[in-house]
Amino acid sequence: MMNTALLRFKNSLRVWANQLVNSLKHPQPFNRKKLAYPFRALVRPFDTFSDIKYEKMGSLFIANGILFCYFLISVLSYFYTGYLFNDNRIDQFSLLSQLFYSVALLFIWAVSNWSVCTLMNGEGNMRDIWTVSSYALLPVLLGKIVTLPLSNFIVYEEQVYIQLIDVTSFLLFCFLMFCGLLTVHQYTVSKTLFSCLLTIVGVVLIIFLGILFFSIVQQMIGFVNTVFVELLNKT
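Residues numbered from 1 in each chain as written. Predicted model: local features only at pLDDT ≥ 70, side-chain atom pairs only at ≥ 80, totals over all residues. Heavy atoms only, no water.

Helix and strand counts for the protein stand at nine helices and zero strands. Taken from the N to the C terminus, the helices and strands of the protein come in the order α-α-α-α-α-α-α-α-α. Residue burial in the protein is summarised as follows: out of 235 residues, 36% are buried. Sequence separation of 24 or more characterises 77% of the internal contacts of the protein that already satisfy a separation of 6 or more. With the model as given, the accessible surface of the protein reaches about 15,100 Å², and the carbon-plus-sulfur share is 69%. (Helix = DSSP H or I, 4+ residues; strand = E, 2+ residues; numbered from the N terminus. Buried < 20%, exposed > 50% of the residue type's maximum accessible area, 1.4 Å probe, protein only. Contact = heavy atoms within 4.5 Å. Areas by Shrake-Rupley, 256 points an atom, 1.4 Å probe, with all protein chains shown as cover.)

Here you go:
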């Protein structure tokens with residue numbers, strides 16, 4: 001059973017790599033109708049994600065554009081959120097941290113979900129997962145676009161409006177993500193929920209292994225540097 005799952009994982013990885021190479025060698029002309037699909041997902045999520053999977057109406061360019069805009073608005077929110085609602089310190093700003101929370105975390109989620117669902121006979125490929133995940137992020141992006149200027153005009157007692165927008169946009173993001181994964185993998189509701197739980201476990205594991213790897217690399221660099229300094233002092 002495990003050998004079969006690993007074989008499916010390797011075959012899916014090979015197919016995804018071939019699709020990526022072919023898309024780079026033979027790019028398709030851009031269909032302007034695809035521009036409306038992220039917004040269409042807000043009102044007709046199942047039909048939209050079904051078209052993305054079966055009619056190839058998803059666009060990596062648009063998906064990456066949404067993610068870039070989300071990263072940009074996250075950076076702007078760090079600096080320009082109204083001072084009544086902004087606890088961030090400018091001297092502690094880290095571009096890498098913003099990049100991790102806005103881009104890398106979604107990428108880790110997509111990789112983890114693809115890995116888990118490949119072993120669970122999911123039909124979605126990496127392109128589909130990445131596209132629906134980025135499209136699902138649109139409500140959070142729109143929510144931040146609204147709350148950023150709003151935070152500079154309302155008083156502290158009216159912060160409930162900002163909280164309402166944030167909570168609503170996050171819940172809508174979760175709903176769209178669930179609908180997208182259910183559609184592209186052709187799972188039942190219970191199996192989609194289970195795969196999401198396993199995906200979260202995979203995200204935690206990937207982050208842990210990444211931290212462990214960089215910690216080991218840092219220690220090795222420190223060790224090599226110490227040995228090099230000692231050799232220089234002895235000579």
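Once you've had a look at it, read on.
There is a patch of nonpolar side chains on the surface, built from Phe68, Leu72, Leu76, Phe79, Tyr80 and Ile90 and spanning about 600 Å² of accessible area. Relative to the elements of secondary structure, Leu76 occurs in helix H4 (residues 60-80). The partly exposed category is assigned to Leu76, whose relative accessible area is 32%. (Patch = residues over 30% accessible without salt bridge, like charges linked within 9 Å, V, L, I, M, F, W, Y side chains within 5 Å. Salt bridge = Lys/Arg side-chain N within 4 Å of Asp/Glu carboxyl O.)

Let us now look at the environment of Cys196. In this structure, Cys196 sits in helix H9 (residues 189-234). Looking at Cys196, the relative accessible area reads 15%, which means it is buried. Counting along the chain gives 83 residues from Cys196 to Asn113, while the straight-line C-alpha distance between them is 7.3 Å. What Cys196 contacts, discounting residues up to four positions off in sequence, is Trp109 and Leu181.

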